Amino acid sequence: MSSENSSADDEQRVWDVVVVGAGPAGASAAYAAAVAGRSVLLLEKAELPRYKTCGGGIIGPSRDALPPGFELPLQDRVHAVTFSLDGKFTRTRRSKQMLFGLINRPEFDQQLVEHAQKAGAELRTGVTVSRVEQHGSAVPDRRTVAVVLQGGEAVLARAVVGADGSASRIGAHVGVKLDQVDLGLEAEIPVPETVAEDWQGRVLIDWGPMPGSYGWVFPKGDTLTVGVISARGEGAATKRYLEDFIARLGLAGFEPSISSGHLTRCRAEDSPLSRGRVLVCGDAAGLLEPWTREGISFALRSGRLAGEWAVRIAEAHDAVDTRRQALNYAFAIKAGLGVEMAVGKSMLTAFERRPGMLHAAITSFRPAWRAFAGITRGSTTLGEMVRSHPMAGRALSALDRRSAVAAPTVAESTATTE
């Protein structure tokens, strides 16, 4: 176990905030609490840096949620998107402005943790949390939470933030309920320079053969991140989709350096976000965009909010004030990310029923492409788009209602520029 501080020194210490999990959500929470001047301990079971199954796309909302002075370790800058419908009807849309950036998660996550440390947070790696106790012999008083580690050590805190991923122990303590679970499979494929040059500045998004599925190619220097995602329960079909996708791209002859899989979990609308002095954020709370399953921006934004409200909970002197602050955190999440998730859920339903219509709109209808570009750049969000453009909301409702209509034919065409 590596440690930034001694376990013996911490035995009787009560931290203001303990954050469990050092991914984007946890690092953001730790940074927000530490920059407010509170004592913060960040716990991580792995040694850093570590690999995570993730496309690594950094869209505008992610960039805007980063700490001041954070320099993105970009592997590529995306100015073009090639769309295809299960390998057919391919079309590339281009933009003069950068749409989004691509990062490798180990470097990105490590840099976020370093910013939290510079703000004053302390880090312990190689430790696994067994459970959280808010009552019992390990808890000295009603203002304290015990985070019990494997081996029995209890770390004490005035507030705890659970950011320990989609299979979260802290989420289980809070009682997080899930409404949607998907399986993502991904391969990191090193390619020759000539192949890498062909992909530079351009990504591929393929609307897949199973309802709600899609695949992607994200270039990162001499490596292509190639992945697919679909509903859990379609494991064999999802694996075939990835294999067929790689073969169709002409990449089957290259040996992946990493092949991995990951379940993404999306919260139910009534799922709790807190219990007593414990908050959850990011994947631990089931916070991600249901249609694209984009989670980095949700992790960064919810982590920052969780850190800010954990500070308030740490300062609360009784159960009433604690509950008030926890409700304020839930309201902040639902008013922002919750609205985006509701629209994303409607988008997923429409996409599952009529992927051809979505493909036709985004590749042939300029306002739809502009909306896509605006969302990726961060000039708008799905929620803002529906609120500010009533026609978009009506179109989404119409798509929901017209599920029985067959998808239109899409003519294959060449690149256009925004």
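Residues numbered from 1 in each chain as written. Predicted model: local features only at pLDDT ≥ 70, side-chain atom pairs only at ≥ 80, totals over all residues. Heavy atoms only, no water.

Chemist: Explain the overall build of the protein chain to me, and be specific about the residues and the numbers.
Modeler: Counting secondary structure elements, the protein chain contains 13 helices and 19 strands. For the protein chain, with 418 residues in total, the buried portion stands at 54%. Long-range pairs, those at least 24 residues apart, make up 76% of the contacts in the protein chain between residues at least 6 apart in sequence. Of the roughly 17800 Å² of accessible surface on the protein chain, a fraction of 51% belongs to carbon and sulfur atoms. (Helix = DSSP H or I, 4+ residues; strand = E, 2+ residues; numbered from the N terminus. Buried < 20%, exposed > 50% of the residue type's maximum accessible area, 1.4 Å probe, protein only. Contact = heavy atoms within 4.5 Å. Areas by Shrake-Rupley, 256 points an atom, 1.4 Å probe, with all protein chains shown as cover.)

Chemist: Give me the side chain of threonine 92: which residues, what numbers.
Modeler: Note that threonine 92 resides in strand E6 (residues 88-94). There is a polar contact of 2.7 Å between the side chain of threonine 92 and the side chain of threonine 82. (Polar contact = N/O pair within 3.5 Å; in protein donor to acceptor, adjacent residues only side chain to side chain.)

Chemist: Describe the pairing of strand E1 (residues 14-20), naming the residues involved and giving the relevant values.
Modeler: Counting buried positions along E1 yields 5 of 7 residues, so the element is predominantly enclosed. For E1 and strand E11 (residues 154-162), the ladder comprises 6 bridges, and the chain directions are parallel. Bridge pairing in E11 places valine 14 opposite leucine 156. Note that E1 and strand E2 (residues 40-44) share 4 bridges and pair parallel. Looking at E2, one finds that valine 19 is bridged to leucine 42. (Pairing = 2+ DSSP bridges.)

Chemist: Go over unusual backbone geometry with me, naming the residues and quoting the values.
Modeler: Here the amide bond leading from leucine 48 into proline 49 is cis, since omega sits at -5°, within 30 degrees of zero. Here proline 49 lies in the loop between E2 and strand E3 (57-58). The phi dihedral of aspartate 86 falls on the positive side, at around 50°, and the residue is not glycine. Of note, aspartate 86 is situated in the loop between strand E5 (80-85) and E6. Positive phi outside glycine occurs at phenylalanine 89, with the angle close to 55°. Inspection of the secondary structure assignment puts phenylalanine 89 in strand E6.

Chemist: Before we move on, can you summarise the nonpolar core with the specific residues and values?
Modeler: Within the largest apolar cluster, 70 residues are counted, with the highest numbers of intra-cluster contacts made by Val18, Leu43, Phe108, Val147 and Tyr329. Broken down by element, this core gets its largest block of residues, 11 residues, from helix H8 (residues 296-315). Not counting residues up to four positions away in its chain, the partners in contact with tyrosine 329 are Leu273, Leu279, Val280, Cys281, Ser302, Leu305, Ala306 and Trp309. Formed by 28 residues, the second largest nonpolar core is a distinct cluster that contains Leu102, Val343, Ala371 and Ala373. (Core = buried A, V, L, I, M, F, W, Y, C linked by side-chain atoms within 4.5 Å.)

Chemist: I'd like to hear about the packing of helix H2 (residues 24-35) against helix H4 (residues 105-118), residue by residue, with values.
Modeler: Viewed as axis vectors pointing N to C, H2 and H4 meet at an angle of 15°, and their least axial separation amounts to 8 Å. The orientation of H2 with respect to H4, classified from their angle, is roughly parallel. Every pair of crossing elements has a handedness; the one defined by H2 and H4 is left-handed. Residues Pro24, Ala27, Ala30, Tyr31 and Ala34 of H2 pack against Arg105, Phe108, Asp109, Leu112, Val113, His115 and Ala116 of H4. (Axes fitted to C-alpha atoms, helices over the stretch in contact; angles between N-to-C directions. Parallel < 35°, antiparallel > 145°, perpendicular 65-115°, else oblique. Left-handed = near helix turned anticlockwise from the far one by under 90°.)

Chemist: Describe the sheet that holds E3, and please don't skip the residues or the numbers.
Modeler: The antiparallel open sheet is built from 3 strands, whose spatial order is E3-E7-E4. Looking at strand neighbours, the two that pair on one side only are E3 and strand E4 (76-78), the edges of this open sheet. Direction of pairing for E4 relative to strand E7 (residues 100-102): antiparallel, over a ladder of 3 bridges. Residue valine 78 lies in a different strand from E7, and its bridge partner there is phenylalanine 100.

Chemist: Could you give me a rundown of the packing of aromatic side chains, with the residues and numbers involved?
Modeler: For the coordinates displayed, the defined rule picks out 12 aromatic pairs. Considering the side-chain rings of phenylalanine 70 and phenylalanine 108, the 5.7 Å spacing of their centres and the 75° angle between planes classify their relative orientation as edge-to-face. Of this pair, phenylalanine 70 sits in the loop between helix H3 (60-64) and E4 while phenylalanine 108 sits in helix H4, and the two are 38 residues apart along the sequence. By relative accessible area, phenylalanine 70 is classed as buried at 12%. Residue phenylalanine 108 is classed as buried on the basis of its relative accessible area, which comes to 0%. Centre to centre, the rings of tyrosine 241 and phenylalanine 245 are 5.9 Å apart; their planes meet at 40°, and the pair counts as tilted. Taken together, the residues span about one helical turn, with tyrosine 241 and phenylalanine 245 both in helix H7 (residues 235-248) at a distance of 4 residues. Look at phenylalanine 245 and you get buried, because its relative accessible area is 1%. Taken together, the ring pairs connect Phe83, Trp207, Tyr214, Trp216, Trp291, Phe351, Trp369 and Phe372 into an aromatic cluster. A cation over a ring is seen here: arginine 301 above phenylalanine 298, with NZ or CZ 5.1 Å from the ring centre. (Phe/Tyr/Trp six-rings, centres within 6.5 Å; stacked < 30°, edge-to-face > 60°. Lys NZ or Arg CZ within 6 Å of the ring centre and 35° of its normal.)

Chemist: Can you break down the environment of glycine 286 residue by residue, with the values?
Modeler: With respect to the secondary-structure elements, glycine 286 resides in the loop between strand E18 (278-280) and H8. What makes glycine 286 buried here is its relative accessible area of 0%. Taking the C-alpha atoms as reference points, glycine 286 and leucine 178, separated by 108 residues in sequence, lie 6.8 Å from one another. In contact with glycine 286, not counting residues within four places along its chain, are Arg265, Cys266, Arg267 and Met341.

Chemist: Explain the side chain of arginine 267 to me, using residue names and the numbers behind them.
Modeler: Topologically, arginine 267 is positioned in strand E16 (residues 258-267). With no salt bridge to any partner, buried arginine 267 finds its closest opposite charge in aspartate 270, at an N-O distance of 6.8 Å. At a separation of 2.2 Å, a polar atom in the side chain of arginine 267 contacts the main-chain carbonyl oxygen of serine 271. Every residue in contact with arginine 267, bar those within four places of it in the chain, is listed here: Lys177, Leu178, Asp179, Pro272, Leu273, Ala285, Gly286, Leu287, Lys334 and Met341. (Lys, Arg positive; Asp, Glu negative; His and termini not counted. Salt bridge = Lys/Arg side-chain N within 4 Å of Asp/Glu carboxyl O.)

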